[in-house]
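Residue-level structural notes
What follows is each chain in one-letter form.
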Amino acid sequence: MRIVSIVGARPNFVKMAPLIHAMARRPEFSPTLVHTGQHYDQAMSEQFFQDLEIRPPDFNLEVGSGTHALQTAQVMQRLDPILESLNPDLVLVVGDVNSTLAAAITAVKRGIAVAHVEAGLRSFDRSMPEEINRILTDAIADFLFVTEESGRANLLKEGVDPAKIHFVGNVMIDALQASRDRWERSSVLQTLGLAPGATYAVLTLHRPSNVDDAGRLTSFLEAIETLARHIPIVFPVHPRVKQQIIRYRHGVTEPAPSGDRGRDKGIIYVDPLGYLDFVALVSRARLVLTDSGGIQEEATFLGVPCLTLRNTTERPVTVTHGTNRIIGSDPNRLVDESLKTLADPSRPNRALPLWDGHAAERIVDILDESRRHAKG
Ligand code: UD1
């Protein structure tokens, strides 16, 4: 089975790694890896390939940054001739970034089957670019692999053929499990100037709705400074946020790779961390504050209380079964809710169904089965 796997942005690398490893173990699979180049900085891309032990991509489309239309169009334009010459049996996409949607459209227009890993998640907030990417990718995919039951329910409501939907678990958790030995050995706390066993919180913020508006970002930073009087906060800063902080917030210490150089009013600003260091940091934290999707799942799995700085989540199982609470994007709530959580940390109540480190194997089994079926 000739499969072209597409990755573009940071969370894609994490999700695709277990699938790449699972396919490599099966001689009947002939995989090609395409990196769209949506993320391209060493810290946002290469470091993840190293940490997740992903082989170098066969093709890099080097689309880089740009408007959504430009990024999507360039992936399509540059991927199309590759699909034409390889003529694969299947294109495999993960997650909800622009590269995911662009690759899925390019494939279906060539009559190539599409498999979408992490299908069916819905925030029901169409102002999120990812929500549009999810809805459209799912509408044209042939295999829809879901991480939680809400995914199946959402897809059925949208009229997707039940035979296309497979509840397989969560490949992000596969990645986390497979690399446990290595992230447990990470010396990230030492690098950041934190003692072993130190009490701290981790913050990530990068959604356009939270950081693109100067007033909102400034209020967030003020709220974080207030919270940092109670607990040190490690803030790995996404490049888009770094640009905004420098633009809007005169006087804030520029994020630096060393924790000491990046300290400002109890906040430890650091450049984006690699996968192993980031997971290690989250696993030992008292609290995670985030507007990311995947981090809600990682914090849940690691049993670390998580407050999501958004009004919705597309991953409701992290709230019903996990450590996550949705507190909205009003910076004023951030301090109160954090202090409440620190005083009375939430406890996960149940293990999450099929989040057991074997999702990628299930996916590869299902694809293999369909290959046999098609042949026979
Ligand atoms: C993208 C995804 C988002 C995902 C996030 C993870 C879309 C619509 N968004 O958002 O779902 O949660 O990745 O990080 O696909 N930049 C760099 N270096 C890089 C990459 C980006 O400096 O290697 C800067 C550029 O200024 C760029 C900005 O970050 O314009 C935003 O990058 P982009 O890929 O457009 O979206 P993200 O915010 O990273």
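1. As for the environment of V160
Relative to the assigned elements, V160 resides in the loop between α6 (149-157) and β7 (165-167). Among residues more than four places away in sequence, those in contact with V160 are L144, L155 and I165.

2. Describing the packing of aromatic side chains
For the coordinates displayed, the defined rule picks out 5 aromatic pairs. Seen from their ring centres, F235 and Y269 are 5.7 Å apart, and the 40° between their planes marks the pair as tilted. Of this pair, F235 sits in strand β9 (residues 233-236) while Y269 sits in strand β11 (residues 267-270), placing them 34 residues apart in sequence. Since its relative accessible area comes to 0%, F235 is described here as buried. The structure contains a cluster of three or more aromatic residues connected by ring pairs, namely F13, F48, F49 and Y275.

3. Things to note about the nonpolar core
Of all hydrophobic cores here, the largest spans 60 residues; its most connected members are L19, L52, Y200, Y275, L281 and L367. For this core, the element with the highest residue contribution is helix α1 (residues 10-24), accounting for 8 residues. With residues near it in sequence (within four places) discarded, L281 still touches V188, L189, L192, Y200, V202, V234 and L273. Core analysis: the second largest hydrophobic core is formed by 26 residues, V211, L221, L287 and I327 among them.

4. Things to note about the confidence of the model for the protein chain
Of the residues in the protein chain, 96% reach a pLDDT of 70 or more, and the chain-wide mean stands at 94. No element of the protein chain has a lower mean pLDDT than strand β10 (residues 263-264), at 72, and none a higher one than strand β4 (residues 90-94), at 99. Confidence drops under pLDDT 50 across residues 256-261; counting only partners more than four residues distant or on other chains, this segment forms 14 contacts.

5. Description of unusual backbone geometry
Of note in this structure, E118 is not a glycine but carries a positive phi near 85°. E118 gets classed as buried once you look at its relative accessible area, which sits at 5%.

6. Some points on the sheet that holds β10
Two strands in a sheet stick together by hydrogen bonds in their backbones, pointing the same way (parallel) or opposite ways (antiparallel). Read across the sheet, 7 strands follow the order β10-β11-β9-β8-β12-β13-β14 without closing on themselves; strand pairing throughout is mixed. At either end of the open sheet lies a strand with only one pairing partner, and these are β10 and β14 (324-326). As paired strands, strand β8 (residues 201-204) and strand β12 (residues 287-290) are joined by 4 bridges and run parallel to one another. Considered in β12, the bridge of T204 is made with T290. This element, helix α14 (residues 294-302), spans β8, β12, β13 (306-308) and β14 of the sheet and lies at about 170° to β12.

7. As for the sheet that holds strand β6 (residues 143-146)
A sheet is described by the order of its strands in space; here 7 strands give the open sequence β3-β2-β1-β4-β5-β6-β7, paired in parallel fashion. Both outer strands of the open sheet, β3 (59-60) and β7, are each paired with one neighbouring strand and no more. Sheet topology note: the β6/β7 ladder contains 3 bridges and is parallel. Note on β7: the bridge partner recorded for V146 is F167.

8. Some remarks on the packing of α1 against helix α17 (residues 359-375)
Put simply, α1 and α17 touch, their axes get as near as 9 Å, and they point 55° apart. Overall, the two elements α1 and α17 adopt an arrangement that is oblique. The crossing of α1 and α17 is right-handed. Along its contact with α1, which presents P18, L19, A22 and M23, the element α17 presents A360, E361, I363 and V364. Residues of the contact of α1 with α17, tallied by class, amount to 7 nonpolar, no polar and 1 charged.

Parameters and conventions
- Residues numbered from 1 in each chain as written.
- Predicted model: local features only at pLDDT ≥ 70, side-chain atom pairs only at ≥ 80, totals over all residues.
- Heavy atoms only, no water.
- Helix = DSSP H or I, 4+ residues; strand = E, 2+ residues; numbered from the N terminus.
- Contact = heavy atoms within 4.5 Å.
- Phe/Tyr/Trp six-rings, centres within 6.5 Å; stacked < 30°, edge-to-face > 60°.
- Buried < 20%, exposed > 50% of the residue type's maximum accessible area, 1.4 Å probe, protein only.
- Core = buried A, V, L, I, M, F, W, Y, C linked by side-chain atoms within 4.5 Å.
- pLDDT = per-residue confidence, 0-100.
- Pairing = 2+ DSSP bridges.
- Axes fitted to C-alpha atoms, helices over the stretch in contact; angles between N-to-C directions.
- Parallel < 35°, antiparallel > 145°, perpendicular 65-115°, else oblique.
- Left-handed = near helix turned anticlockwise from the far one by under 90°.
- Nonpolar A, V, L, I, M, F, W, Y, C, P; charged D, E, K, R; others polar.

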